[in-house]
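Chains, contacts and geometry: an overview
The residues making up each chain are set out below.
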Amino acid sequence: MNRKDVLLVDGYNVIGAWPSLQRLRDEELEDARDALLDMLADYQGFTGMLVYVIFDAHQVPGHGAKFKQHSLQVVYTKEKETADECIERLVAELTMRGRDIYVATSDLTEQHVAFGKGALRVSARELLVDVEQKRKLIRATIRETDERPRKRNTVDGTLPLDVRAQLEQWRRGKM
């Protein structure tokens, strides 16, 4: 079994804790959600962690929703279920699968409950610092890759001389 670390993110809690997302939220909540998902998708891709982002929809009628966006697991809670309750349920389910679980929230009560269920705590601020560090590493890696001289990988350089000569004859139509 492939054992991957899992990060559970309390979406609205993190949006409220990260200054850039707070500003977006004040203008358009959907833009803040999308920006968070974009940042966490990059983070997931770089770290290899499985990331769940849970959004509180307990006051919205319905059965909730679960879907993938940017290969992230995005969860909108069911009616009468808070994000905290959903996170607690996911911690219990995922811990039983033998994975290391991290819960990102600045809600102290939720941090304590998650820790009590076997998860590791990460504050929203700590997650922001880690996400920003990973973004810098990603940019540096891309810059380094772009600056590397490109070497052509040709078949011609690996073929014996007689085979190259035969192929050249065929290319010119001289069989």
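See the structure above.
Residues numbered from 1 in each chain as written. Predicted model: local features only at pLDDT ≥ 70, side-chain atom pairs only at ≥ 80, totals over all residues. Heavy atoms only, no water.

A few words on a nonpolar patch on the surface. Among the surface-exposed residues, V163, L167 and W170 lie close enough to one another that they form a single nonpolar patch of about 270 Å² accessible area. Summarising the element assignment, L167 is placed in helix α7 (residues 161-171). With relative accessibility at 38%, the residue L167 sits in the partly exposed group. (Patch = residues over 30% accessible without salt bridge, like charges linked within 9 Å, V, L, I, M, F, W, Y side chains within 5 Å. Areas by Shrake-Rupley, 256 points an atom, 1.4 Å probe, with all protein chains shown as cover. Salt bridge = Lys/Arg side-chain N within 4 Å of Asp/Glu carboxyl O. Helix = DSSP H or I, 4+ residues; strand = E, 2+ residues; numbered from the N terminus. Buried < 20%, exposed > 50% of the residue type's maximum accessible area, 1.4 Å probe, protein only.)

Let us now look at the nonpolar core. Within the largest apolar cluster, 26 residues are counted, with the highest numbers of intra-cluster contacts made by V9, W18, L36, L40, V53 and L127. Put simply, the parts of the chain that give this core at least two residues each are β1 (6-10), α1 (11-17), α3 (29-47), β2 (50-55), β4 (72-76) and α6 (124-147). Per-element accounting of this core gives the leading share, 8 residues, to α3. Aside from chain neighbours lying at most four places away, what touches L127 is L7, V9, W18, L40, Y43, A104 and V122. Residues Y52, V75, I87 and V91 belong to the second largest nonpolar core, which totals 16 residues. (Core = buried A, V, L, I, M, F, W, Y, C linked by side-chain atoms within 4.5 Å. Contact = heavy atoms within 4.5 Å.)

All right, on to the pairing of strand β5 (residues 101-104) then. Sheet analysis places β1 next to β5, joined by 4 bridges and oriented parallel. When the bridges of β5 are listed, V6 appears paired with I101. For β5 and strand β6 (residues 120-122), the ladder comprises 3 bridges, and the chain directions are parallel. When the bridges of β6 are listed, A104 appears paired with V122. (Pairing = 2+ DSSP bridges.)

Moving on: the side chain of R33. Mapped onto the fold, R33 is located in helix α3. The charged side chain of R33 is buried without a salt bridge, its nearest counter-charge being E30 at 4.6 Å. Once residues within four sequence positions are removed from consideration, R33 is found in contact with Y12, I15, F55 and Y76. (Lys, Arg positive; Asp, Glu negative; His and termini not counted.)

On to the packing of α3 against α6, then. The interhelical angle for the contact between α3 and α6, taken along N-to-C directions, is 70°, at an axis separation of 10 Å. On the basis of the axis angle, α3 is roughly perpendicular to α6. The interaxial crossing formed by α3 with α6 has left-handed handedness. Across the interface between the two elements, M39, L40, D42, Y43, F46 and T47 of α3 pack against L127, D130, V131, K134, R135, L137 and I138 of α6. (Axes fitted to C-alpha atoms, helices over the stretch in contact; angles between N-to-C directions. Parallel < 35°, antiparallel > 145°, perpendicular 65-115°, else oblique. Left-handed = near helix turned anticlockwise from the far one by under 90°.)

All we've got here are geometric facts, nothing functional implied.
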